[in-house]
Amino acid sequence: MSLATRNGTGSVDAPVTPPKVVRQRRVRPGLLGLAVLLIALGGLGAAFAVTSVRATGSYLAVARPVEVGREISTADLITVQVAGGQGLRPVPAGRLDEVIGKRAAVALVPGTLLTLSQITDDPLLGPGQQQIALGLKTAQVPARKLHPGDKVLLVSTPDSNANGEAAATGTRFAASVIDMVNQANDDQVVYLALPVRDVPAVVALAAQKRIAVVLTEAA
C-alpha cells in the first residue's frame, strides 16, 4: 500500500497491520457432560422438593394441656394436615382409637404433634401401692396445683389433745400424685399412690383433719 506525501516527493510504502485471528475455545467433552449432569440433578431435586411438599398426611396433635399420668380423651386431640413430615414420626390420625384411654408419659403441650413415646400403658400404681383420695383444704396443699407424677410428703399436724414433744413431732409419709380435682367450694381432692403399709395411718390422720401435703419433687 502506498501513501502520497505533501511535498510531492513520491509515495511511501506503509506497513499493513495483519488482521487479528480469533481462536475459538474448544469445549472439553468432560465439562459439557458435567454441566448436563448438574442441570439434570437440579431438575430432579426440584421435582423431589415439590413431591415432598405435596405429600401431606393426617396426624394427631395436642388440643389442650394434658398432665403427666392423666388418661387421654378425644377432646385432648385434634387432627391436623402435615406436609412432608419425614423424621417427625407423629401418630397417624387413623390410630386415634389406639391412643384414647392411654396415659400421658410426659406433659402434653397444645399445638404439638403427638408421638408414641409420649403415651404409655403402664399403671400409675407401682408394686405394693394403693390409691387413696384425700379431701383437703386449700391451706393444706402447696400453693401450686399438683400434677400427676409429683412427689409429695404427707406430714401429720399436731394433735390438739397431745402435750409436749409428741404434739410437735410430725409423722411423714412419702407418696406420688395420681390426680388432683378442684371442688366448687375451693376444697381440693388429691388422689395419691401410697405404700400399702402407710394407708391406714394416713386415712386416720385425714379423718382427724391432721395432715398437710408438702411438694418435694415436681414431675
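The rules behind each value
- Residue numbers run consecutively from 1 along every chain, following the written order of its sequence.
- In keeping with the model being predicted, local features are shown solely for residues with a pLDDT of at least 70 and side-chain atom pairs are shown and tallied solely at 80 or more, while totals for entire chains, interfaces and linings include all residues.
- The side-chain values count all of the structure's non-hydrogen atoms but skip hydrogen atoms and water molecules.
- Secondary structure counts use DSSP, requiring at least four H or I residues in a row for a helix and at least two E residues in a row for a strand, with both numbered from the N terminus.
- Polar contact is defined as a pair of N or O atoms within 3.5 Å, subject to the rule that within protein one atom must be able to donate a hydrogen and the other to accept it, and that residues adjacent in sequence are counted only when both atoms are side-chain atoms.
- We call two residues contacting when some pair of their heavy atoms lies within 4.5 Å.
- What we call a nonpolar core is a set of buried Ala, Val, Leu, Ile, Met, Phe, Trp, Tyr and Cys residues that are connected through their side-chain atoms within 4.5 Å.
- Burial here depends on accessible area, computed with a 1.4 Å probe over protein chains only, as a share of the maximum for the residue type. Under 20% is buried, over 50% is exposed, and the range in between is partly exposed.
- In this scheme, strands are said to pair when DSSP sees at least two bridges between them.
- A fitted line through C-alpha atoms serves as each axis, taken over the contacting stretch for helices, and the angle formed by two N-to-C directions is quoted from 0 to 180°.

Caption draft 1: Spatial organisation of the side chain of D187. Inspection of the secondary structure assignment puts D187 in the loop between β9 (172-182) and β10 (188-195). Polar side-chain contacts of D187 include one of 3.3 Å to the side chain of K137. In contact with D187, other than residues within four places in its own chain, are L136, K137, V181 and N182.

Caption draft 2: Fine view of the nonpolar core. L134, V152, L154, L192, L194 and V202 are the most contacted members of the largest nonpolar core, which totals 19 residues. At the level of secondary structure, the elements contributing two or more residues to this core comprise β7 (129-136), β8 (151-156), β9, β10, α4 (199-207) and β11 (211-217). Here the element with the most residues in this core is β9; it accounts for four residues. When residues no more than four places from it in sequence are discounted, the contact partners of V202 are I132, L134, L154, F173, L194 and I211. If you look at the next biggest cluster of nonpolar residues, it comprises twelve residues, including V91, A93, L114 and I119.

Caption draft 3: Spotlight on the sheet that holds β9. Strand order across the open sheet formed by five strands is β7-β10-β9-β8-β11, with antiparallel pairing between neighbours. In the strand order of this sheet, the two ends are held by β7 and β11, each with one partner. Looking at each pair of strands side by side, their axes are set apart by 40 degrees on average, direction ignored. Here eight bridges tie β7 to β10, and the two strands are oriented antiparallel to one another. Each bridged residue has a counterpart across the sheet, and for I132 the counterpart in β10 is L192.

Caption draft 4: Representation of the side chain of D150. In this fold, D150 is placed in the loop between β7 and β8. Classification of D150 by relative accessible area gives buried; the value is 1%. Separated by 2.8 Å, the side chain of D150 and the backbone nitrogen of H147 make a polar contact.

Nothing here speaks to function; it is geometry throughout.
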